[in-house]
Structures are given as structure tokens and as C-alpha cells.
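Remarks on the overall topology
Each chain, letter by letter, is given below.
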Amino acid sequence: CRCSRHLQEKSIPTIRVRAEAVKNIKNAAAETRKAMKTIVAKVDLRQASSAEVIQTAAKILQEGGLVAFPTETVYGLGGNGLDSAACEKIYLAKGRPSDNPLILHISEIEELDRIVAEVSPQAKALMDAFWPGPLTMIFKKKDIVPAKATGGLDTVAVRFPNHPVARAIIRAAGLPIAAPSANSSGKPSPTRASHVEYDLNGKIDMIVDGGAAEWGLESTIVDVSGTVPMILRPGAVTKEMMEQVIGPVEIDPAILHKPTADFKPKAPGMKYTHYSPKAEVFLVKGEQTAVAERINALAAAERAAGKKVGVMATEETKTLYHADIILSLGSRAKPEEIGANLFKTLRKFDFLGVDVVYSEVFSEKGEGMAIMNRLNKAAGYRVLEAE
Ligand code: TXA
Ligand code: MG
């Protein structure tokens, strides 16, 4: 019989089960949200009160929770790197693809032994020269490191940061701390606690605010698990700097160009081109006045079509442009300034509701390689030539 009463009767049990399941999920989500009040705590290690903040952060990490903290590159989202469940939480909070492995952070060289199977003489020399600092190294891993932390790889990325707050938290926790950049997956890495709050408030247990990250771009990654060390991500420690210590270093060729399905970067995370603000970003290359002319013409056309246009300029060029928002990255003579301001500026364009951003480009020499790598990713490798 298909009369409505019988149909209803028949379907009642399923409906009730479904309704209950929905209610349970809703309750659970509400509970989680209630429980997940993110603590935001400022820390200044010169003040005695900072000990309490560090201890709270360490306790949360030991209990399997998530704490964002500053490093000298960008803010990291930390969890116990030896605990699969904590690593899983990191992926969930960031919305990160599970094939993109995490970096384990240590606060003493001795801790390396616990997680890494072998250290080559070259790796040892790089550690002596650049740790603590903005250098991540890829080693063969030990079994204690869970597959969740390494995306199933048999290697593990390790970094010994130089930021005093990061070091104090890791030391107090007494654990290797898995910490990707503390942004929502796909967004520019956070260089301020406020950026972390914007992306992850309510999704993590604590944010330790230690001020602006000094370098502002993520660490250099070098793979020292093979015979010739290879740079998988450019950063503050440049190819030239490493070559002075250990001789020839290769660069993963796939990081210099737009990644494709059959030309994949060796660091899984480097294959994602969008790293970017909501606005569409275009890079404009060429001689300074030609770049300004081209950008102004493009901006005028977009504005006529009702778009809000931003220009990412420099101290030297910012007066050459006509657009809705013109932001300077700093002086061309100081690449470290450009690097430190890049992610903050991309986030600001989003905050201001800009639809299209045109950016100048920079030299790829030395630390410029890291700047151009991140700019190219933000722009999805769209480069326009100014005549
Ligand atoms: O400066 C930094 O490195 C920051 C701070 C917080 O330390 N962290 C950071 O982590 O940038 P994340 O997760 O955003 O980037 C880690 C990169 C990804 O591209 C990932 O694919 C790569 O490291 N990676 C991690 N383990 C790897 C492995 N075993 N082999 C190759 N690449 C690896
Ligand atoms: Mg990241």
C-alpha cells in the first residue's frame, strides 16, 4: 500500500533516526564550539607573567590540543608531532589536504635523534651553520614519527626555530611539535597573531601572540636524505649561503615554474599554486615606467568595469600609480623588508575587499628567490610583460 498514512508510518523510524543523528551532530558541533574557545595570550619573555602563558601552551600540547605560536618565519600551528590524533586535528583546523606533510619543530639538537634515522655529514654541517634558524631539513624518519605527520612518506621534515617564544613552548612541552603555517589552507601564511585569529579562531585551543614574525616568509626546505642536497622551497637561507658551507646544492626544478600534473614539486605542499588572497593577482614585469603605464591602463579598464583595483608597489614607485588601493611592500633596496611585508599586504587587500591586484616583480637573486616564489604562487603564475 502506498497511501500517505502507511508511507508515513513506514518511513517514521528512518526519519526519527535521521533526525536524531542530525540533532546529535548539531549538539556535538555546539559542544565543540563551546569547548573551542580560543585563548589568545600575549607573551613577552622579559616579563615574569610569560611563564604562565608558556606553561599553559605546553600543557595544551601535551594533552593533544593545538596552539599557534610565533616563529621568526611565520606563525606555526602546533600539535604533538608524535600523536596521530593531534596531527589529524591540525589538518582539520586548517582544511589541509592530508597528503601535505607537517614539519616537526625541536628546541635542542639532541631531540633530532629521537625522530630521525640518519644524519649525513652535509646535514650536520648545515645544522651547525644555520640551526637554530629559518631552515627545515628532510631526513629519513624513525618509526616513532606517525604516518599522519609525514603524509605517509618515509622522510620527515625537521626545523629548529630561533624564535625565543617558539623555543620556550617546545622545550616546556618536551615533545617534537608538528607545526605547519597557522593559516587556513590556501591563504597566505600568517605573520601576526591577528592573522591566525582571523583564520582559526574557534578551531584551535590557543594563540600565543609574540608580535610580528621577523622574516615573514616560510623557512627554506632542503632535502638532505639523498646524495646531493636539494632545495624544495626557497627561503631566508639561500642556495648561495648553503653552498658556502657544503658545496653544490640543487634546486627542485619544479619550484621555478608553474607545477603541472607530470611536473610535480618534491615538497607536496609546493604543488598548490593558490596561496593567495581572494583577489585575483597578476604580476607585471618590465622596465619601471612601462610597468606603471601598463598597470595604470589595466587598472583603469577594470575600474571602468566596476572592479576595485589594488596595486602592490614599492617605496620607490608608489606615487606612479592610479588605483583604488596602493600599498607599498617596502624599499626595493631592502629585500628583507619586501619579504617581511608580502603576506601581510596580500591579506590587507582581502580585508579591503579588493577584486584585482597588480604587483611589481623583483629580482630572483639570493633571498629574492623566496619572494618571487611566493608572489608567483599568489598570482597562479600569471605574469604580464610591460612593453
Ligand atoms: O617557516 C616554516 O617552515 C613554517 C613555520 C611554522 O615553521 N612552517 C611551514 O609549514 O611553512 P607548512 O606546513 O606550511 O609547510 C611545510 C612544507 C610543505 O610544502 C610540505 O609539503 C613540506 O614542507 N614537507 C613537509 N614534510 C616533507 C617531506 N617529508 N618531504 C618533502 N616535503 C615535505
Ligand atoms: Mg603553509
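That block above? That's the structure.
Keep in mind it's a predicted model, so treat the numbers as computed, not measured. (Residues numbered from 1 in each chain as written. Chains lettered and ligands numbered in written order. Predicted model: local features only at pLDDT ≥ 70, side-chain atom pairs only at ≥ 80, totals over all residues. Heavy atoms only, no water.)

Turning to the site of ligand 1, a few remarks are in order. Not every one of the 29 residues close to ligand 1 is listed here, only the nearest: Thr73, His105, Arg159, Ser219 and Gly269. Within the contact set of ligand 1, an oxygen atom lies 2.5 Å away from a side-chain nitrogen or oxygen of serine 219. Taken by itself ligand 1 offers 690 Å² of open surface, and the protein chains cover 96% of this. Among the elements of the structure, β4 (103–105), β6 (155–159) and β10 (230–233) are those that each provide at least two residues to the shell around ligand 1. Of all the elements, β6 adds the most residues to the shell around ligand 1, at four residues. Its residues placed into classes, the shell around ligand 1 shows 16 nonpolar, eight polar and five charged. (Near = heavy atom within 4 Å. Polar contact = N/O pair within 3.5 Å; in protein donor to acceptor, adjacent residues only side chain to side chain. Areas by Shrake-Rupley, 256 points an atom, 1.4 Å probe, with all protein chains shown as cover. Helix = DSSP H or I, 4+ residues; strand = E, 2+ residues; numbered from the N terminus. Nonpolar A, V, L, I, M, F, W, Y, C, P; charged D, E, K, R; others polar.)

What follows deals with the packing of helix α11 (residues 335–351) against helix α12 (residues 368–378). Taken N-terminus to C-terminus, the directions of α11 and α12 make an angle of 20°; their axes are 10 Å apart at the nearest point. By the criterion of interaxial angle, the relationship of α11 to α12 is roughly parallel. The way α11 lies across α12 gives a crossing that is left-handed. Contacts from Pro335, Ile338, Gly339, Leu342, Phe343 and Leu346 in α11 reach Ile371, Arg374, Leu375 and Ala378 in α12. Its residues assigned to classes, the contact of α11 with α12 shows eight nonpolar, one polar and one charged. (Axes fitted to C-alpha atoms, helices over the stretch in contact; angles between N-to-C directions. Parallel < 35°, antiparallel > 145°, perpendicular 65-115°, else oblique. Left-handed = near helix turned anticlockwise from the far one by under 90°. Contact = heavy atoms within 4.5 Å.)

Within a sheet, adjacent strands bond to each other through the backbone by hydrogen bonds, running parallel or antiparallel. Pairing is parallel in the open sheet, where five strands are placed in the order β14-β13-β15-β12-β16. For this open sheet the edge positions go to β14 (325–328) and β16 (383–385), each flanked by a neighbour on one side alone. Between one strand axis and the next, the sheet turns through 25° on average, direction left out of account. Note: strand β13 (residues 309–313) against strand β15 (residues 356–360), four bridges, orientation parallel. Paired with valine 311 across the two strands is tyrosine 358, which belongs to β15. Packing of helix α10 (residues 288–304) onto the sheet brings it into contact with β12 (280–285), β13, β15 and β16, and relative to β15 it is tilted by some 180°. Lying on the sheet, α12 is in contact with β12, β13, β15 and β16; it crosses β12 at an angle near 130°. (Pairing = 2+ DSSP bridges.)

A separate point is unusual backbone geometry. A cis amide bond, omega -5°, links tryptophan 131 with the succeeding residue proline 132. Tracing the backbone shows proline 132 in the loop between α5 (121–130) and β5 (135–140). A positive phi angle, near 65°, is found at tyrosine 381, a position not held by glycine. Position of tyrosine 381 relative to the elements: it lies in the loop between α12 and β16. Judged by relative accessible area, which is 16%, tyrosine 381 ranks as buried. (Buried < 20%, exposed > 50% of the residue type's maximum accessible area, 1.4 Å probe, protein only.)

Just geometry here; none of it tells us what the structure is for.
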